[in-house]
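A look at the structure
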Amino acid sequence: MANAASGMAVHDECKLKFMDLKAKRTHRFIIYKIEEKQKQVMVEKVGEPAQTYDEFTACLPDNECRYAVFDYDFLTPEGVQKSRIFFIAWSPDTARVRNKMIYASSKDRFKRELDGIQVELQATDASEMGLDMFCSGLVCRLMMNDRRGYFPKTSVVSVKNCVVFV
């Protein structure tokens, strides 16, 4: 089905791979690319469950936009293993203006196709994709959804390679 704003369709494989990541945890990340000639969003790369965050960021091109999802594991203050699915809109400053416009106009509809996104991150350069940004984005999201008083006003949250004080 095409997006009215950009004319981009979403290939069925995009949703199927996302469901595998979400339900079966068979992937660590998925990188999506808009194929302008075919006018649709396609799966470009799928990361194995053992791949790291650094391996994921190395797969993003320096001068082209992409969408991506990353399954991020972390520990709660009580030591419980949890996971959140991040949606990343990668739009580097060095990308062509047309490329940025196509991705920007297709993002919301594409994101709606991926039911289960828990945190969104937009990045224009590598510094905005650092692990610290994931940690802070995750903490903000967890605290906003904290209906049970899970996080007191001052909490320490351990997120894989970092600890965040909020």
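No experiment lies behind these values; they were computed from the predicted model shown.

1. Regarding the confidence of the model for the protein
Considering every residue of the protein, the mean pLDDT works out to 80; 74% of them sit at 70 or more. Every residue in residues 1–5 is under pLDDT 50, and counting partners more than four places away or in other chains gives 13 contacts. Of the regions scoring below 50 in pLDDT, residues 146–166 engages in 41 contacts with residues more than four places distant in sequence or in other chains.

2. What to know about the pattern of salt bridges
A complete count under the given rule lists 12 salt bridges for this structure. Note that Lys 24 and Asp 20 form a salt bridge whose closest N and O atoms lie 3.6 Å from each other. Pair noted here: Lys 24 and Asp 20 are both in helix H1 (residues 12–24), with a separation of 4 residues, about one helical turn. For Glu 113, the salt bridge is made with Arg 109, and the minimal N-O distance between the two is 3.2 Å. Taken as a pair, Glu 113 and Arg 109 lie in helix H3 (residues 97–113) at a separation of 4 residues, close to a single helical turn. A residue is classified by how much of its surface remains accessible, and Glu 113, at 24% relative accessible area, is partly exposed. Overlapping salt bridges, with partners in common, bring together Arg 25, Arg 28, Asp 71 and Asp 73 in one network.

3. As for the side chain of Gln 40
Residue position: Gln 40 is located in strand E3 (residues 40–47). Beyond its immediate chain neighbours, meaning those up to four positions away, Gln 40 contacts Met 8, Ala 9, Val 10, His 11, Lys 33, Ile 34 and Glu 35.

4. Considering the nonpolar core
With 21 residues, the main nonpolar core has Tyr 32, Tyr 67, Val 69 and Phe 110 as its most contacted residues. Every element with two or more residues in this core is listed here: H1, strand E2 (29–35), E3, strand E4 (66–75), strand E5 (81–90) and H3. Counting residues in each nonpolar core, the second largest holds 15 residues, with Ile 31, Leu 60, Phe 86 and Met 129 among its members.

5. Details of the packing of aromatic side chains
Per the counting criterion, the structure on display carries 11 aromatic pairs. With 5.0 Å between their ring centres and 20° between their planes, Tyr 67 and Phe 110 make a pair best called stacked. One end of the pair, Tyr 67, is in strand E4; the other, Phe 110, is in helix H3, with 43 residues separating them in the sequence. A relative accessible area of 1% means that Tyr 67 is categorised as buried.

Cut-offs and rules
Residues numbered from 1 in each chain as written. Predicted model: local features only at pLDDT ≥ 70, side-chain atom pairs only at ≥ 80, totals over all residues. Heavy atoms only, no water. pLDDT = per-residue confidence, 0-100. Contact = heavy atoms within 4.5 Å. Salt bridge = Lys/Arg side-chain N within 4 Å of Asp/Glu carboxyl O. Helix = DSSP H or I, 4+ residues; strand = E, 2+ residues; numbered from the N terminus. Buried < 20%, exposed > 50% of the residue type's maximum accessible area, 1.4 Å probe, protein only. Core = buried A, V, L, I, M, F, W, Y, C linked by side-chain atoms within 4.5 Å. Phe/Tyr/Trp six-rings, centres within 6.5 Å; stacked < 30°, edge-to-face > 60°.

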